[in-house]
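Tertiary structure, described
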Amino acid sequence: MSNPVVLIAEELSPATVEALGPDFEIRHCNGADRGELLSAIVDVDAILIRSATKVNAEALAAATRLKVVARAGVGLDNVDVKAATQTGVMVVNAPTSNIVSAAEIAVGLMLAAARHISPAHAALRNGEWKRSKYTGIELYEKTLGIVGLGRIGVLVAQRLSAFGMKVIAYDPYVQAGRAAQMGVRLVDLDTLLTESDFMSVHLPKTPETAGLIGVEELAKVKPTLVLVNAARGGIVDEAALYAALKEGRIAAAGLDVFATEPCTDSPLFELENVVATPHLGASTDEAQEKAGIAVAKSVRLALSGELVPDAVNVQGGVIAEDVRPGIPLTEKLGRVFTALAGEVAQNIDVEVRGEISEYDVKVLELAALKGVFTDVVPESVSYVNAPLFAAERGTEVRLVTEAESPDHRNLITIRGTLADGSQVSTSGTLVGIAQRERLVEINGLDVDIEPTDHLAFFSYDDRPGVVGVLGRILGDADVNIASMQVARDAKGGPALVALSVDSAIEPETLSEIEQAISATSVRAVNLS
């Protein structure tokens, strides 16, 4: 039997090939050359790429034996993950390979902006010696505000604490005790904006974080603020930032990311108090080597039939066939749990009941944690790092199995306790021969709804007319309801509306509904 064939479509470090080992036939091609790629990919089992090779539906259709697409890096913009999933091709990346490099460029941009390094360098190259013009400021004893205290944010906090900075952070998904252990004071966003001398953004790009730092936010900051964004473009509104810099309402900015990339023409580039780099966060030899080694290991695991912790779409591994259908359902339950909780729980139980409890269901605990943290941290969450995120945030996790399941053949529940002692829970099951996913419980109330891409949950005191108000407001917002469930314990008591809708509900619409029905809780989650 011949060895599996691995195609390396871009230049990768020698350590990548070494990590693959001797059990594979290694081929090379220029992935940026479309014709060469489509010809070379036909009979390979795995392909290793970076950012220049586009593995889209056309390439996947040409690949008759392909099992794994491995991206030696974090981003997956050049991989059609949906098409790969539909064709049964696993997609893996290296989600933690660049965290040190990303943290270091944020620090570098901050120093460069504070000391005017870029314009001073340009002036000197033009034969101008301008010491007095480019007088900067020290970081020592200044207040650093970190927006997003994930793994990269923590690394930045550690490094700049060594500069003698006082560190505050805004992150609704981090417990104050955990932050305090790192010497970081958790604050709300308004406090961070008003107190910070320097600010560094380290959030994932989501519908909720897009434009998070905009006109209103920049109106609250000190005129001496130095702002750095080396996370994702679009979190800081570039037009609002330009206006604030131009008008002297903010001192300087350091940018490595932009709303549209590549970005070579921006009004921001005209300003001397902006230092900008072309998304170099992961562009270090060390990060590239770590990424190559990580995906090489993933390819080895995938082609040998083992569980691949960094799989983005398809979970491989020696998992009982009866357990496999529950993996994507459990991930979705985790994301719904986080949306309902609105914070990271102090402890989480992953309860697995019914026939599947006789198998090894550890993978379902990992799937639950992957879902719980997917919308919490800026990094890609995988089966290997999800428990680390829980440990970092002081969340205790327990897997509970029980053979008895009175109402369902199998039932998966995620239950957690929040900082104020309240509990949140959500349950799901698979029904019918087609194993269709269903949400069957939310916070102790029975529902029956498919976990589609867009869900919303409204808690309120039971009374007539609420459903009509909901329908009217969503109709006015051009949001179509796919299905609706109303649940309650008793007439006039706490009630819940669970909705599946065809498109995401805008925050303004959610606020309007909250006020109109006097909701005690409004939560939306986008699973797409």
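Everything here concerns the structure above.
Let me sum up the structure you'll find in this document. (Residues numbered from 1 in each chain as written. Predicted model: local features only at pLDDT ≥ 70, side-chain atom pairs only at ≥ 80, totals over all residues. Heavy atoms only, no water.)

Section: the sheet that holds strand β20 (residues 481–488)
Across the sheet, 4 strands lie side by side as β20-β21-β19-β22; this open sheet has antiparallel pairing. Of all the strands in the sheet, just β20 and β22 (521–526) have a single pairing partner and so form its edges. Taking the axes of each pair of neighbouring strands and ignoring which way they run, one obtains an average angle of 15 degrees across the sheet. Of the strands in this sheet, β19 (454–461) and β22 are in contact with helix α13 (residues 326–341), which crosses β22 at around 150 degrees. Against the sheet, helix α16 (residues 466–476) engages β19, β20 and β21 (494–501), with an angle of about 155 degrees to β20. (Pairing = 2+ DSSP bridges. Helix = DSSP H or I, 4+ residues; strand = E, 2+ residues; numbered from the N terminus. Axes fitted to C-alpha atoms, helices over the stretch in contact; angles between N-to-C directions. Contact = heavy atoms within 4.5 Å.)

Regarding the pattern of salt bridges
Considering all chains together, one arrives at 25 salt bridges under this definition. For the salt bridge of R34 with E58, the shortest nitrogen-to-oxygen distance reads 3.1 Å. With R34 in helix α2 (residues 34–40) and E58 in helix α3 (residues 57–62), this pair connects stretches of sequence that are 24 residues apart. The partly exposed category is assigned to E58, whose relative accessible area is 44%. It is possible to trace a salt-bridge network through shared partners that takes in E25, R27 and D43. (Salt bridge = Lys/Arg side-chain N within 4 Å of Asp/Glu carboxyl O. Buried < 20%, exposed > 50% of the residue type's maximum accessible area, 1.4 Å probe, protein only.)

What about the environment of M90?
Along the polypeptide, M90 turns up in strand β5 (residues 90–92). In this structure, the C-alpha to C-alpha distance between M90 and L160, residues 70 residues apart in sequence, is 39 Å.

Observations concerning the layout of surface pockets
Space inside the second largest pocket adds up to approximately 340 Å³. N443, L445, S459, T520 and S521 are the residues nearest the centre of the second largest pocket, which is lined by 20 residues in total. Class assignment for the residues of the lining of the second largest pocket results in 11 nonpolar, 6 polar and 3 charged. (1 Å grid on protein atoms, 1.4 Å probe; cavity = no way out; pocket = protein on both sides within 12 Å on 5 of 7 lines; lining within 4 Å. Points joined across faces, edges and corners; volume = space filled by probe spheres on them. Nonpolar A, V, L, I, M, F, W, Y, C, P; charged D, E, K, R; others polar.)

A short note on the pairing of strand β9 (residues 198–201)
Where burial is concerned, the two faces of β9 agree: the one with F198 and S200 and the one with M199 and V201 are both buried. Bridge count for strand β6 (residues 143–147) against β9 is 4 bridges, and the pairing is parallel. Considered in β9, the bridge of V147 is made with V201. Sheet topology places β9 next to strand β10 (residues 226–229); 4 bridges connect them, and they run parallel.

Quick look at the nonpolar core
Most often, soluble globular proteins keep nonpolar side chains buried together rather than apart. Core analysis: the largest hydrophobic core is formed by 47 residues, its most contacted members being V336, F337, L364, F373, L439, V447 and F457. If we ignore the near neighbours within four places in the chain, the residues touching F457 are V336, L340, L439, I442, L496, V497, A498, S521, V522, R523 and V525. Core analysis: the second largest hydrophobic core is formed by 33 residues, A113, I146, A252 and V275 among them. (Core = buried A, V, L, I, M, F, W, Y, C linked by side-chain atoms within 4.5 Å.)

Some thoughts on unusual backbone geometry
A negative phi angle is the norm for most residues apart from glycine, just as the trans form is the norm for most peptide bonds. Of note, the amide linkage connecting E261 to P262 takes the cis form, showing an omega dihedral of -5 degrees. Checked against the element boundaries, P262 lands in the loop between β11 (252–255) and β12 (274–276). Despite not being glycine, Q435 shows a phi value in the positive range, around 55 degrees. We classify Q435 as partly exposed; its relative accessible area is 32%.

Focus on the packing of aromatic side chains
For the structure on display, the rule yields 2 aromatic pairs. A centroid spacing of 5.5 Å and a plane angle of 85 degrees characterise the contact between F258 and F269, whose relative ring orientation is edge-to-face. Of this pair, F258 sits in the loop between β11 and β12 while F269 sits in the loop between β11 and β12, placing them 11 residues apart in sequence. Overall, the relative accessible area of 6% leaves F258 in the buried class. (Phe/Tyr/Trp six-rings, centres within 6.5 Å; stacked < 30°, edge-to-face > 60°.)

A closer look at helix α12 (residues 285–303)
The terminal C-alpha atoms of α12 lie 27 Å apart, and with 19 residues this matches the ideal 27 Å at 1.5 Å per residue to within 8%. Along α12, the positions that sit buried rather than exposed are A287, A291, G292, V295, A296, S298, V299 and A302. The buried residues of α12 occupy an angular sector of 165 degrees when projected down its axis, which confines them to one face. Facing away from the buried side of α12, by more than 90 degrees, are the exposed residues D285, E286 and K297. Residues of α12 that are buried sit in contact with β1 (5–8), α1 (14–20), β3 (46–49), β4 (68–71), β5 and α5 (99–114). (Expected span 1.5 Å × (residues − 1). Arc of directions from axis to C-beta.)

By themselves, these observations are geometric and do not establish any function.
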